[in-house]
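So you can see what is in the structure, the chains are spelled out below.
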Amino acid sequence: MKVSVDLDQCEANGICVGIAPDVFELDDEDVLHIVEAEVAPDRLADVETAVSQCPKAALKLQ
Ligand code: SF4
């Protein structure tokens, strides 16, 4: 499974970073980066939570 972000939708509120800081990161200019696009099986639950909690529906898991 891979996670990606639509930066046109992301409003950099950091909710995903709070849920999975090892996977998502906001830089100094509030741009979201995916640290680990390939989601490890033991991180899948948190990434799924982040995807579902993103208020902008900017994250996609496929
Ligand atoms: S939760 Fe969604 S809107 Fe917020 S930083 Fe993450 S991807 Fe962007």
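Conventions adopted
Residues numbered from 1 in each chain as written. Predicted model: local features only at pLDDT ≥ 70, side-chain atom pairs only at ≥ 80, totals over all residues. Heavy atoms only, no water. Near = heavy atom within 4 Å. Nonpolar A, V, L, I, M, F, W, Y, C, P; charged D, E, K, R; others polar. Helix = DSSP H or I, 4+ residues; strand = E, 2+ residues; numbered from the N terminus. Buried < 20%, exposed > 50% of the residue type's maximum accessible area, 1.4 Å probe, protein only.

**Student:** I'd love a proper account of the site of the ligand, names of residues and values included.
**Tutor:** In the neighbourhood of the ligand, the contacting residues comprise C10, E11, A12, N13, G14, I15, C16, L32, C54, K56 and L59. Looking at the shell around the ligand, its residues break down into seven nonpolar, two polar and two charged.

**Student:** Account for unusual backbone geometry, with residues named and values stated.
**Tutor:** Positive phi, close to 55°, is recorded for A12, a residue that is not glycine. Notably, A57 is not glycine yet its phi reads approximately 50°, a positive angle. Within the fold, A57 resides in the loop between α2 (44–53) and β4 (59–61). Classification of A57 by relative accessible area gives exposed; the value is 62%.

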